[in-house]
Amino acid sequence: MNIQGETQQKLDIYAHDIVRKLCDHTGRLCLMVSEESEEVLTIPSRYPKGSYVLVFDPLDGSSNIDVNVSIGTIFGIYHCVDYEQRGRVEDALQPARDLVAAGYVLYGASTMLVYSTGNGVHGFTLNPEYGEFLLSHPFMRLPEPPAYYSVNASYYSRWSPGVQRFLDWLEGKSADSPNVSARYIGSLVADFHRNLLRGGIFCYPAEGQRKDGKLRLLYEAGPLAFLIEQAGGYASDGRRPILDIVPTHPHQRVALFVGNRALVERLEAFIRQEEGALAS
Ligand code: AFP
């Protein structure tokens, strides 16, 4: 079981160990944070300590491993806050707006690496023959109009009225509803990637029991928010930009709405309306 009390698949641990072992001795990092480790990962004293911090979800969508559905690895890279004292948890508790790079690897029909260093979003496809990632999707931009919405609608009854109104609107129950279709894989990276290519919104709202939803800010929502803004989109927790949320804990959760800006801003408007109605 991992810190979140979720079942750890063998491949989760395997992926975690590969990333950790390949990155802890390079002299580039002073700290790592992984979904699969309760403690932050300091650099063993026998290795030089660099000035960068790696936060990562070694294998996202692991409940899809055994059913052969696309899964992925998500990562974010920060520069340490204080070089002299580098290697403390504070180096990881930075808002995603301060990321120096972020990306994911998608293990699907093909294996793709998608990343940004703040100069656009670029996609590379692995050519297994050469073992090389080749540039296949330079300067990825969210297309307009969006085509899809991705949410686990079976949780509808657990959402706040504002979020329920938004889903009703997405499902075409209003005169001004968008022309979007539903797609939900249950692997965040795969749902995000499809929406990045075709336009859309991915939602994992807060629920009655889970006030901050399920997904993690540091190594899931943050890096994807960094990418989506570089691709012309927006990511919010329903009230504020994900990029501006300052983490207080390495494994904290956050509600996530990410995709075409107009759709995410509409969601925020529904929540403001709901709160306005409650306040009056
Ligand atoms: P697992 O790693 O347990 O499969 O969870 C995957 C995930 O973190 C994310 O990839 C999905 O978008 C989301 O959870 C699916 O959650 P639901 O099963 O509650 O819809």
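Residues numbered from 1 in each chain as written. Predicted model: local features only at pLDDT ≥ 70, side-chain atom pairs only at ≥ 80, totals over all residues. Heavy atoms only, no water.

**A short note on the site of the ligand**
So, step 1. Ser 63, Tyr 155, Tyr 184, Leu 188 and Tyr 204 are the nearest of the 15 residues found near the ligand.
So, step 2. A distance of 2.8 Å separates an oxygen atom of the ligand from a polar atom in the backbone of Leu 188.
So, step 3. Contact between the ligand and Lys 214: an oxygen atom at 2.8 Å from a side-chain N or O atom of the residue.
So, step 4. Here the ligand loses 84% of its free accessible area of 480 Å² to cover by the protein chains.
So, step 5. Classifying every residue of the shell around the ligand by side-chain character gives six nonpolar, six polar and three charged. (Near = heavy atom within 4 Å. Polar contact = N/O pair within 3.5 Å; in protein donor to acceptor, adjacent residues only side chain to side chain. Areas by Shrake-Rupley, 256 points an atom, 1.4 Å probe, with all protein chains shown as cover. Nonpolar A, V, L, I, M, F, W, Y, C, P; charged D, E, K, R; others polar.)

**Side note on the sheet that holds strand E8 (residues 132–137)**
So, step 1. The strand order across the open sheet formed by eight strands is E2-E1-E3-E4-E5-E6-E7-E8, and the pairing between neighbours is mixed. For this open sheet the edge positions go to strand E2 (41–42) and E8, each flanked by a neighbour on one side alone.
So, step 2. Here two bridges tie strand E1 (residues 29–34) to E2, and the two strands are oriented antiparallel to one another. Looking at E2, one finds that Met 32 is bridged to Leu 41.
So, step 3. Packed onto the sheet, helix H1 (residues 10–23) meets E1, E2 and strand E3 (52–60) and runs at close to 160 degrees relative to E3.
So, step 4. Its contacts with the sheet place helix H3 (residues 188–198) against E3, strand E4 (71–79), strand E5 (101–107), strand E6 (111–116) and E8, and it is angled at close to 105 degrees to E5. (Pairing = 2+ DSSP bridges. Helix = DSSP H or I, 4+ residues; strand = E, 2+ residues; numbered from the N terminus. Contact = heavy atoms within 4.5 Å. Axes fitted to C-alpha atoms, helices over the stretch in contact; angles between N-to-C directions.)

**Structural notes on the environment of His 137**
So, step 1. One can find His 137 in strand E8.
So, step 2. Expressed as a C-alpha distance, the spacing of His 137 and Val 114, which sit 23 residues apart in the sequence, is 8.6 Å.

**What about helix H5 (residues 261–279)?**
So, step 1. Along its 19 residues, H5 runs 26 Å from first to last C-alpha, staying within 8% of the 27 Å computed at 1.5 Å per residue.
So, step 2. Among all positions in H5, only Leu 263, Val 264, Leu 267, Glu 268, Phe 270, Ile 271 and Glu 274 are buried. Relative to the axis of H5, the buried residues are bounded by an arc of 155 degrees and lie together on one face. Residues Ala 262, Arg 272, Gln 273, Ala 277 and Ala 279 are exposed on H5 and point more than 90 degrees away from its buried face. (Expected span 1.5 Å × (residues − 1). Buried < 20%, exposed > 50% of the residue type's maximum accessible area, 1.4 Å probe, protein only. Arc of directions from axis to C-beta.)

**A closer look at the pairing of E6**
So, step 1. Here E6 shows one buried face, formed by Met 112, Val 114 and Ser 116, and one open face, formed by Thr 111, Leu 113 and Tyr 115.
So, step 2. Where E5 meets E6, six bridges bridge the pair, whose relative direction is antiparallel. Paired with Leu 106 across the two strands is Met 112, which belongs to E6.
So, step 3. Once E5 ends, the chain turns through three residues before running back antiparallel as E6.

**Quick look at the pattern of salt bridges**
So, step 1. According to the stated counting rule, one finds 14 salt bridges in the structure shown.
So, step 2. When salt bridges with common partners are traced through the structure, they connect Arg 165, Asp 168, Glu 171 and Lys 173 into a single cluster. (Salt bridge = Lys/Arg side-chain N within 4 Å of Asp/Glu carboxyl O.)

**Examining the sheet that holds strand E11 (residues 200–204)**
So, step 1. Ordered by their spatial adjacency, five strands build an open sheet running E10-E9-E11-E13-E12, and the pairing between neighbours is mixed. Bordering the open sheet on either side are strand E10 (181–182) and strand E12 (234–236), each of which pairs with just one other strand.
So, step 2. Relative to strand E13 (residues 256–259), E11 runs antiparallel, the two sharing four bridges. Of the residues in E13, the one forming a bridge with Ile 201 is Gly 259.
So, step 3. Along the sheet, H5 makes contact with E11, E12 and E13, crossing E12 at roughly 25 degrees.

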